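Structure at a glance
Listed here are the chains, written in short residue letters.
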Amino acid sequence: MNTTAPTNQKSRSLFLTLVRFRELSIIIFILLLIGVVALNTPAFLTIENFRNILLNISILVIVALGQMMVIITRGIDLSVSSIIGLVAMMVSFTVVAFPGVSPLAALLLGMLLGAILGSFNGVIITAGKVPPIIATLGTLSIYRGMVFLYSGGTWINSFEMPDGYRALAKASPLGLPNIILFAIAIAIIVYIFLNHTRPGRDIYAVGSNPDAANVAGIPVQRTLFMVYVISGLLAGLAAVLWASRFESAQTNTALGFELQTVAAAVVGGVNIFGGSGSVIGVVLGAFLLGTIDYALILMQISPFWQLAAQGLLILVAVIVDSAIRRRLQRLGGAGEF
Amino acid sequence: MTEDVNEQVPIIQMRDISKSFSGVHALKNVRMEVFPGEVHALLGENGAGKSTLIKTMTGVYQPDSGEILLHGVPLRFSGPRHAQQQGIGAIYQEPSLFPDLDIAENIMAGRQPTRSGRVDWRAVYREAQNMLQQLGVGLDPHLKARNLSVAQQQTVEIARALSLNAQLLIMDEPTSSLTLTEVEELFRIIRQLRQSGTAVIFISHRLEELFAVADRVTILRDGQYVGTRAMSGVKTEDLIQMMVGRQVNELFPKQEAPLGDTRLEVQGLTLSGKFADVSFALHAGEILGVAGLIGAGRTDLARALFGIQPAQSGTIKIDGTAVEIRSAQQAMAQGLGFVPEDRQHHGLVLPMSIADNITLPILPRYASAGWLHAKKAKRDASAAAQRLEVKSAGIAQKAKELSGGNQQKVVLAKWLETQPRILILDEPTRGIDVGTKAAVHQLMSNLANQGVAILMISSELPEILGMSDRILVMREGRITGEFMRAEATQEKLMAAATAVSPDKSEEN
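Each value, and the rule that gives it
- Residues numbered from 1 in each chain as written.
- Chains lettered and ligands numbered in written order.
- Predicted model: local features only at pLDDT ≥ 70, side-chain atom pairs only at ≥ 80, totals over all residues.
- Helix = DSSP H or I, 4+ residues; strand = E, 2+ residues; numbered from the N terminus.
- Buried ≥ 20, exposed ≤ 12 C-beta atoms within 10 Å, placed from the backbone.
- Contact = placed C-beta atoms within 7 Å.
- Rg over C-alpha atoms; globule rule 2.2 N^0.38 Å.
- Domains from an automatic or database assignment.
- Nonpolar A, V, L, I, M, F, W, Y, C, P; charged D, E, K, R; others polar.
- Core = buried A, V, L, I, M, F, W, Y, C linked by C-beta atoms within 7 Å.
- Pairing = 2+ DSSP bridges.
- Axes fitted to C-alpha atoms, helices over the stretch in contact; angles between N-to-C directions.
- Parallel < 35°, antiparallel > 145°, perpendicular 65-115°, else oblique.
- Left-handed = near helix turned anticlockwise from the far one by under 90°.
- pLDDT = per-residue confidence, 0-100.

A few points about the overall build of chain A
- Looking only at helices and strands, chain A features 14 helices and zero strands.
- For chain A, the sequential pattern of α-helices and β-strands runs α-α-α-α-α-α-α-α-α-α-α-α-α-α.
- Within chain A, buried positions represent 44% of all 337 residues.
- Restricting the contact set of chain A to residue pairs at least 6 apart, pairs at least 24 apart contribute 79%.

Pasting the structure below:
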């Protein structure tokens, strides 16, 4: 290469290394944040707090992983919050009516209901050719409306729930609360699915270039349908855990939660235009959001700041992401060969 | 050579293929045969039916009548997948890879080997490595497709087709965005494929490439079969005549035009990472050619002059007065016009009509008090389209439905309507057919005669040499050579573009 080459080789390779481990930059950000908070509030650095953060983000991680798969295919699933609300209500009504139902059966029922609700999204998007943002905006309202219709405006209280159901999320027979173990298990399963199975790889292919995927014989429509079913299924699972953890099912359960799942995915480096995203990134993204929330509470900052902080973080993440992408393109393009 | 080929059974035979779209014949009794180990060029102007013929071979279209024989057996393709399974692969001008996936996965997408449900990554990389080695390219299969050059992406597509056991590879204008060395590398791969018995159908508008790589050529004109020739027995003029049906004597009709005053003067223009210290003058009535390899900073220079991505330092003078151009609007106000390299993305609004495209930059002219005089705009657009002989179903036709050559005419018509005093043309004839090319060249020549100052970027040396009064050569963002028309030769330009002294470059 000639000496007049415009880019400095050394800074370039360092930059590429950093980008390649996109997750590394989130970790650095988290550590910085923890450092700043710890300086302000030394009480922050305890195992207890760490455990609480994990507890708080477990449901978010589960749903955000589904959201990630949808976003990788260039879609979005705004209906997850309403799916959680509706499934939480339906499953809670069921266990109250039949207290003998095992908690595990309740979980399976929740996943089934979630998958069915997700499959409606899938049908509207694949067969109806409706853009995902519109389709799931529609079902966001429809499913939330169904919560009211189904419950008749009433709700399920803690004392009505069977003990086993309430223990589902919070008991910790294996040392950690079940809900955290659920999140870890789902993260591992999704990781294996996305990286080591053909349907998982197809998700990336479809999001990266739908036309090329079609030519390569990848079942594009089936893959799209599948991600909405999975997203619904994970939201259904989260619904049962939600009802169990907060010991209630209300008409406004998880209201607005869809934005947090999108935030976790985007902050975690999932490309909003599809094609890329990783499980580790999303878990870290959720952890970052959880840490900020927790720190703000600990520092007794108004909860209104919580939303603003979240919004700011999303914008920063997206801006940083697109800046990286632009630089990468420039590096990959001119003058190279 | 020809005799021995004929004893074999052709891989594919197209017999009397006809295909029409809403009553218009796209193909009429076209035939073509391709033998194993043959590189067969397909030649014709845009709209001659090349693409339609290829699409019937790859299963995208079903012919209305006629027969396709594969290895001597008649067969109907049910779709692109079917054709692919039958060993027909296609590589297009714009590679269609998965930018987020690595090379290995791009080669194996949709059919990664699995072991008990899990993708066998080791087998994926082994297979990819094998394919790349067979092609003799040293690409790391772990690289993401996003970071590859167009040439490398094409190589990956070829590897993918081969791993699908393609026996016939169709390459549709694969060289149009490659640099010279990349073209050479592609030709090496094509020759290697030929040796291993793979047949290649090769489409290019650059005739010299056909002579370099093809064994035979089939020529189409207006959807009809004109003839098939051995490349060794034809001359360029014959091919052009068969293609256009008439004699095109002078491809580059640049007339001598008197040089006027200095219209544009650039001093020390710099945009870091793109180009540095660029200085030159452009006169009224002059065509100044800018040669160089792809990535030399020529397009960036053009974009900077037009204010799209302005330079960081340096001065631009127009008619002797220093001006500041920091946006396309300012550039247009100074009398600049810019026909960009990528007409599909930057030159045209594809879903809009021809008329709307042409009047886009001059809309204010037809507006009074916020109200648009659509009729007058249409009339002018129609006249402009006619002047440039845009072939279309009418000015209401959408730009995306036009052939490449006609799209380029629309872009030109659009900028001519702004009556530019300085016209920047970036690859004005890339990917357009010989007939339209001659028309574009004629137009440029006329404009120069009328006193327009033209800056023409081109990667085609014959075009640069034929059209320019003066030639600048750029390399790595700097001007590395300046030649008058009379003294310029291909060798000198290449030497300046690649930093090799002229006698060394002749060894290649």
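Side note on the overall build of chain B
- Looking only at helices and strands, chain B features 19 helices and 24 strands.
- For a compact globule of 508 residues, the expected C-alpha radius of gyration is about 23 Å, and chain B comes in at 24 Å, within 12% of that figure.
- Overall size of chain B, expressed as C-alpha extent along the three principal axes, is 70 × 50 × 50 Å.
- Classification of the 508 residues of chain B by burial places 49% in the buried group.
- The long-range share in chain B, meaning contacts at least 24 apart out of those at least 6 apart in sequence, stands at 68%.

Regarding the environment of Leu210 of chain B
All names here are of chain B.
- Within the secondary structure, Leu210 sits in helix H8 (residues 207–213).
- In this structure the C-alpha to C-alpha distance between Leu210 and Lys378, which are 168 residues apart in sequence, comes to 42 Å.
- Non-local contacts of Leu210, meaning those with residues more than four positions away in its chain, are made with Ala41, Leu43, Ser204, Val217 and Met231.

Comments concerning the domain arrangement of chain B
All names here are of chain B.
- Each assigned domain of chain B is listed here: domain 1 (2–97 + 148–244), domain 2 (250–335 + 420–508) and domain 3 (351–417).
- The distance between the C-alpha centroids of domain 1 and domain 2 comes to 34 Å.
- On the domain 2 side, the residues contacting the nine residues of domain 1 number nine residues.
- Within the side of domain 1 that touches domain 2, the residues separate by chemical class into three nonpolar, four polar and two charged.

Section: the interface of chain B and chain A
- Taken together, the 25 residues of chain B in the interface contact 25 residues of chain A.
- Of all the secondary structure elements, the ones that give two or more residues to the side of chain B that touches chain A are helix H3 (80–85) and strand S8 (118–119) of chain B.
- Tallied by class, residues from the side of chain B that touches chain A come to seven nonpolar, 11 polar and seven charged.

A short note on the nonpolar core
- Ile62, Ile84, Ala238 and Ala239 of chain A are the most contacted members of the largest nonpolar core, which totals 167 residues.
- Among all residues touching Ile62 of chain A, those that are not within four sequence positions of it are Phe182, Ala183, Ile186, Leu234, Leu237 and Ala238 of chain A.

What about unusual backbone geometry?
Residues and elements named next belong to chain B.
- Notably, Asp222 is not glycine yet its phi reads approximately 50°, a positive angle.
- A positive phi is found at Asp319, a non-glycine position, where the angle reads about 50°.
- Mapping Asp319 onto the fold places it in the loop between strand S16 (313–318) and strand S17 (321–323).

Focus: the pairing of strand S4 (residues 65–70) of chain B
Residues and elements named next belong to chain B.
- Two elements, strand S1 (residues 12–21) and S4, share five bridges in a ladder whose sense is antiparallel. Bridge pairing links Gln13 to Leu69 in S4.
- In this structure, S4 lies alongside strand S5 (residues 73–74), joined through two bridges in antiparallel fashion. Pairing of Leu70 across the sheet is with Val73, part of S5.
- Here S4 folds back onto S5, and the loop between the two strands holds two residues, one of which, His71, carries a positive phi near 50°.

Comments concerning the packing of helix H14 (residues 374–387) of chain B against helix H15 (residues 404–417) of chain B
Residue and element names in this part refer to chain B.
- Remark: H14 packs on H15, axes separated minimally by 9 Å, with the N-to-C direction vectors making an angle of 120°. When the interaxial angle is binned, H14 and H15 end up oblique. For the element pair H14 and H15, the recorded crossing hand is right-handed. Note on element contacts: H15 touches H14 through Ala413, Leu416 and Glu417, opposite Asp380, Ala384 and Ala385.

Concerning the confidence of the model for chain A
All names here are of chain A.
- Taken as a whole, chain A shows an average pLDDT of 87; of its residues, 90% reach a score of 70 or greater.
- Per-residue pLDDT stays below 50 along residues 1–9; that stretch engages in nine contacts with residues further than four places along the chain or on separate chains.
- Every residue in residues 332–337 is under pLDDT 50, and counting partners more than four places away or in other chains gives nine contacts.

As for the sheet that holds strand S21 (residues 422–426) of chain B
Residue and element names in this part refer to chain B.
- Spatial ordering of the open sheet is given by S18-S21-S22-S15-S23-S24, a layout of six strands whose pairing is mixed. Two strands in the sheet have a free side with no partner beyond their single neighbour: strand S18 (336–339) and strand S24 (478–484). If you compare each strand with its neighbour and ignore which way they point, the axes differ by 20° on average.
- For strand S23 (residues 470–475) and S24, the ladder comprises six bridges, and the chain directions are antiparallel. Note on S24: the bridge partner recorded for Val473 is Gly481.
- The sheet contacts of helix H10 (residues 298–305) involve strand S15 (287–292), S18, S21, strand S22 (453–457) and S23, and relative to S21 the element is tilted by about 150°.

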